[in-house]
Every structure is written in C-alpha cells, then in structure tokens.
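Chain residues, written in single-letter form:
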Amino acid sequence: MRTVITYGTFDLFHVGHVRLLKRIRDLGDRLVVGLSSDEFNKVKGKKVIIPFADRKEILLSCRYVDDVFQENTWEQKREDIIREKAEIFAIGDDWAGKFDDLDDIVKVLYLPRTKDISTTELKTVIREINAEKLHEAKNVADHLVDLLRKI
Ligand code: CTP
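In this text the structure is predicted, and so the values were computed from the model without any measurement.

Caption draft 1: Region of the structure containing the pattern of salt bridges. Tallied over the entire structure, the rule returns 11 salt bridges. The partner of R55 in a salt bridge is D38, and the shortest N-O contact between them spans 2.6 Å. Taken as a pair, R55 in helix α3 (residues 52–60) and D38 in helix α2 (residues 38–43) lie far apart in primary sequence, 17 residues in all. Take D38: its relative accessible area is 23%, and that puts it in the partly exposed class. Measuring nitrogen to oxygen at the nearest pair gives 3.0 Å for the salt bridge that ties R113 to D94. Of the two residues, R113 sits in the loop between β5 (107–111) and α5 (119–150) while D94 sits in the loop between β4 (86–92) and β5, which places them 19 residues apart along the sequence. Using a relative accessible area of 41% as the deciding quantity, one classes R113 as partly exposed.

Listed below in structure tokens is the structure:
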C-alpha cells in the first residue's frame, strides 16, 4: 500500500483540483490530503468562501481522495508524512522547489497545473457578475428617479 500526500485549500472546488487529485492518486494506492483550516488560510493570505467542514466534505466525496486531515501550520508536514507513512509528497508546480527540504523522508514531486482555472479566477468572475448586476440595478433606479421627476 503506497500512500501519497498533498496539501491545499481547495476552495470553490474546480476541475483543476479534480485533475491534480486524480494524477496524484494514480501515483499510489491511497491519497491523504492536508486541508488548510480557515485560520491557516488567513496566515497564507487567502480568504476562503467555503468553510473548512464543507471543503472537507466535498474533498471526501471525490473518488480520488481517501482521507483528509487538517493543516494548521507550515511546520506540521514532517509529522504528517511520518504519521501517514506517506512515500510520495506531490503538489502543483506553483509550489515548485518550496518543499524540497522534505526529500530526506519522502519523494517530493511538483505536477503541472491545469491552465486557465483557479479559485482566484472564479472569485474574479463572481465579483464581475456582481458588479454587472449592481450596475444594471443602478441604471434601473436612475431611470425610475427620472420618471418620478417627470410626473
Ligand atoms: N491546482 C492545479 N491546477 C489548477 C489549480 C490548482 O493543479 N488550475 C492545484 C494546486 O497546484 C494545488 C492544489 O490544486 O496543488 C490546491 O490548490 P489551491 O491553492 O487550493 O487552488 P487554486 O485554484 O490554485 O487557488 P488560488 O487561486 O486561491 O491559489
């Protein structure tokens, strides 16, 4: 049984996440995910939309994920890798080189990300849709004010 370990936020779960998890799971027989807590995301400079419990439930419903534990600090990885008996640590290549120091206890791999999709991108799209709706609502309100003035 070869265990593979990864870490991340997995907010607004999207196809880039699915593809990465599938490729990582294919490297072994069991995939465990260290899921960043809401508090730790603040440390990472990320504001999550979906709370931890829901992100965990979504991840656990993904067929490529066998187990999920909470990531609270940058420093816990060594302990997690040993506890989970992980043989491979794999993560997207936006982290390339960042976890090389773990290579004395685990094989460290950085996999290419899926292009043109990210949580940040989705948040931007949601923000733009909201801004557009606000703009439309303001136009309607201005029009109504004009009409009322004419009466
Ligand atoms: N990932 C990926 N392809 C993408 C987006 C993410 O392979 N298009 C990978 C990341 O490299 C990471 C994992 O999915 O190993 C979890 O990434 P996460 O930071 O939670 O997702 P992002 O979409 O990158 O979020 P953000 O835009 O907030 O950085």
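Caption draft 2: Structural detail: the sheet that holds β5. Reading across the sheet, the five strands line up as β3-β2-β1-β4-β5 and stay open at both edges, with parallel pairing between neighbours. Of all the strands in the sheet, the pair left with one neighbour each is β3 (67–71) and β5. Between one strand axis and the next, the sheet turns by 25° as a mean value, whatever way the strands run. Bridge count for strand β1 (residues 3–8) against β4 is three bridges, and the pairing is parallel. Residue pairing across strands places V4 opposite I88, the latter belonging to β4. Packed onto the sheet, helix α1 (residues 15–25) meets β1, β2 (30–36), β4 and β5 and runs at close to 140° relative to β2. Its contacts with the sheet place α3 against β2 and β3, and it is angled at close to 165° to β2.

Caption draft 3: Geometry of the site of the ligand. Not every one of the 16 residues close to the ligand is listed here, only the nearest: D94, T114, I117, T119 and T120. F10 places a polar main-chain atom, nitrogen or oxygen, 2.8 Å from an oxygen atom of the ligand. Look at the ligand: alone it shows 570 Å² of surface, and the protein chains cover 93% of it. If you map the ligand onto the pockets, it falls in the largest pocket. At the level of secondary structure, the elements contributing two or more residues to the shell around the ligand comprise α1, β4 and α5. Per-element accounting of the shell around the ligand gives the leading share, three residues, to α1. For the shell around the ligand, the residue count by class is four nonpolar, nine polar and three charged.

Caption draft 4: Looking closely at the pairing of β1. Within β1, six of the six residues are buried, which leaves it mostly tucked inside the rest of the structure. In the sheet, β1 pairs with β2 via six bridges, with the strands oriented parallel. Along β2, the bridge assignment pairs T3 with R30. Assessed by its sense of winding, the connection that carries the chain from β1 through α1 to β2 is right-handed.

Caption draft 5: Layout of the packing of aromatic side chains. Throughout the structure, instances matching the rule amount to six aromatic pairs. Ring centres 5.2 Å apart and planes at 55° place the aromatic pair F89 and F99 in the tilted group. Placement of F89 in strand β4 and of F99 in the loop between β4 and β5 is noted, with a sequence separation of 10 residues between them. Clustering of aromatic rings is evident, with ring pairs tying together Y7, F40, F69, W74, F89, W95 and F99. Positioned above the aromatic ring of Y7, the side-chain terminus of K77 is 4.7 Å from the ring centre. The ring centre of F69 lies 4.9 Å from the NZ or CZ of R83, which sits over that ring.

Definitions and cut-offs
- Residues numbered from 1 in each chain as written.
- Predicted model: local features only at pLDDT ≥ 70, side-chain atom pairs only at ≥ 80, totals over all residues.
- Heavy atoms only, no water.
- Salt bridge = Lys/Arg side-chain N within 4 Å of Asp/Glu carboxyl O.
- Helix = DSSP H or I, 4+ residues; strand = E, 2+ residues; numbered from the N terminus.
- Buried < 20%, exposed > 50% of the residue type's maximum accessible area, 1.4 Å probe, protein only.
- Pairing = 2+ DSSP bridges.
- Axes fitted to C-alpha atoms, helices over the stretch in contact; angles between N-to-C directions.
- Contact = heavy atoms within 4.5 Å.
- Near = heavy atom within 4 Å.
- Polar contact = N/O pair within 3.5 Å; in protein donor to acceptor, adjacent residues only side chain to side chain.
- Areas by Shrake-Rupley, 256 points an atom, 1.4 Å probe, with all protein chains shown as cover.
- 1 Å grid on protein atoms, 1.4 Å probe; cavity = no way out; pocket = protein on both sides within 12 Å on 5 of 7 lines; lining within 4 Å.
- Sits in = over half its atoms within 2 Å of the grid points.
- Nonpolar A, V, L, I, M, F, W, Y, C, P; charged D, E, K, R; others polar.
- Right-handed = clockwise from strand over helix to strand, strands pointing away.
- Phe/Tyr/Trp six-rings, centres within 6.5 Å; stacked < 30°, edge-to-face > 60°.
- Lys NZ or Arg CZ within 6 Å of the ring centre and 35° of its normal.

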